[in-house]
Amino acid sequence: MSNCFDSTTNDFKVWRLLSRFDFESRPNAKAEVYSLNAVSWKNISHITPQYRIPSSFIFKRQSIPFVNGALHMIACDCTSLGKGTNLVLVFDVKDENFREILLPDCLMNYDSECMLFVIAYGQSIAVVHIYETAMKNDIWVMKEYGVYNSWTNLGKLHNEDRASAAMFFRKNGQFMMDSFGKFFSFDFATQSFTHLFPDLEEIKAIQGTVGTVERWPASVFTYMETLALLDRGNLKMNQASRKI
């Protein structure tokens, strides 16, 4: 599930995708879109590609970055047991339809032992390839959005001390890393890690003593301040109260 904004109609939307998959049958994917303007859900399962949506038990479910008016996530066109083609599944919020972005050749073949995530990279996207028990991250960026030949390998992030996953591209050009609730910033130029949010780590450590909070890492999002009023139901009710 992911939130997004359709600037052409000034509408906030929620996109929900449910995918069930086993190796004995084809995937069964269903999708719905909620419109704040219409105050209703729309079922778009009839146009939803029947792809497997990979998930990770080590880190977290996929992030679904909103870039250039569209939502992006990794999907797999699985044709048989353990075989398939990885791709970036794109949902255009304006037209409410799906399209695909091909991955670099080295990332296309499905491998259940590897993890792939899409993250925002400015006005384009990047794909994080996590392997060797999450000790290494390989970063591919699409420097020109939608242009296959612009895929570029930035290099590898190797944390020798802890399993880590790149989760966010920062304005300073560094990548924010999540390591089971501990956060780092990685600088490609110096190949160094900087510890982030020590106070937050202390809080998570305290919570972890009474539960499994520390096992579940966070997600990072950008935001823009707005004066838009989202609770339209209350707005209508308040206007009716004033008339009375």
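It should be emphasised that the depicted structure is a prediction, and the values quoted were computed from it without experimental measurement.

**Thoughts on the sheet that holds strand β16 (residues 192–196)**
Alright, step 1. What the four strands build is an open sheet, ordered β13-β14-β15-β16; its pairing is antiparallel. What marks the edges here is a single partner per strand, and that holds for β13 (165–169) and β16. Averaged over all adjacent pairs, the angle separating strand axes in this sheet is 35 degrees, with direction ignored.
Alright, step 2. Pairing of strand β15 (residues 182–187) with β16, which is carried by five bridges, proceeds in the antiparallel orientation. When the sheet's bridge partners are listed, S185 is paired in β16 with T194.

**Points about the packing of aromatic side chains**
Where two aromatic rings form a pair, the distance of their centres and the angle of their planes describe that pair.
Alright, step 1. The final tally for this structure, using the stated rule, is seven aromatic pairs.
Alright, step 2. Between F5 and F12 the ring centres are 4.7 Å apart and the planes differ by 50 degrees, which places this aromatic pair in the tilted class.
Alright, step 3. Since its relative accessible area comes to 29%, F5 is described here as partly exposed.
Alright, step 4. Here F12 falls in the partly exposed class, since its relative accessible area comes to 29%.
Alright, step 5. The residue whose ring lies beneath R16 is W41, and the NZ or CZ to ring-centre distance is 4.1 Å.

**Looking at the confidence of the model for the protein**
Alright, step 1. Here the protein averages 77 in pLDDT, while 68% of its residues score no lower than 70.
Alright, step 2. Below a pLDDT of 50 lies the segment residues 208–216, which in the model reaches 10 contacts outside its immediate sequence neighbourhood of four places, other chains included.
Alright, step 3. Within the model, pLDDT remains below 50 along residues 233–244, and this stretch shows one contact once partners closer than five positions in the same chain are excluded.

**Quick notes on the environment of K83**
Alright, step 1. Mapping K83 onto the fold places it in strand β7 (residues 83–92).
Alright, step 2. Along the chain, K83 and Y110 lie 27 residues apart, while their C-alpha atoms are 5.9 Å from each other.
Alright, step 3. Residues contacting K83, with those up to four places away along its chain left out, are C78 and Y110.

**Description of unusual backbone geometry**
Alright, step 1. A positive phi angle, close to 55 degrees, is found at N10, a residue other than glycine.
Alright, step 2. In this structure, N10 sits in the loop between β1 (2–6) and β2 (11–22).
Alright, step 3. On the basis of relative accessible area, N10 is assigned to the partly exposed category, the value being 48%.
Alright, step 4. Residues other than glycine seldom take positive phi values, yet N68 does so here, at roughly 55 degrees.
Alright, step 5. On the secondary structure map, N68 appears in the loop between β5 (66–67) and β6 (70–80).
Alright, step 6. Looking at N68, the relative accessible area reads 39%, which means it is partly exposed.

Reading the values: rules and limits
- The residue numbers shown here count from 1 along each chain, following its written sequence.
- Whole-chain, interface and lining totals are the exception, using all residues; otherwise, since this is a predicted model, local features are given only for residues with pLDDT of at least 70 and side-chain atom pairs are given and counted only at 80 or more.
- For the side-chain quantities, the full set of heavy atoms in the structure was used; hydrogens and water were omitted.
- Note: two strands are recorded as paired if DSSP finds a minimum of 2 bridges between them.
- Helix and strand definitions follow DSSP, with helices as H or I runs of at least four residues and strands as E runs of at least two, each counted in order from the N terminus.
- Only the stretch in contact is used when fitting a helix axis, every axis being a line fitted to C-alpha atoms; angles between N-to-C directions are given from 0 to 180 degrees.
- Classification of ring pairs uses Phe, Tyr and Trp, with its six-membered ring standing for Trp, and accepts pairs whose centres are within 6.5 Å; under 30 degrees between planes counts as stacked, over 60 as edge-to-face, and the remaining range as tilted.
- Accessible area is worked out with a 1.4 Å probe on protein chains only. A residue is then buried under 20% of its type maximum, exposed over 50%, and partly exposed in between.
- Definition used: whenever NZ (Lys) or CZ (Arg) falls within 6 Å of the ring centre and also within 35 degrees of the ring normal, the charge is taken to sit over that ring.
- On a scale of 0 to 100, pLDDT captures the predictor's confidence in every residue.
- Between two residues, a contact is recorded if the distance between any of their heavy atoms is within 4.5 Å.

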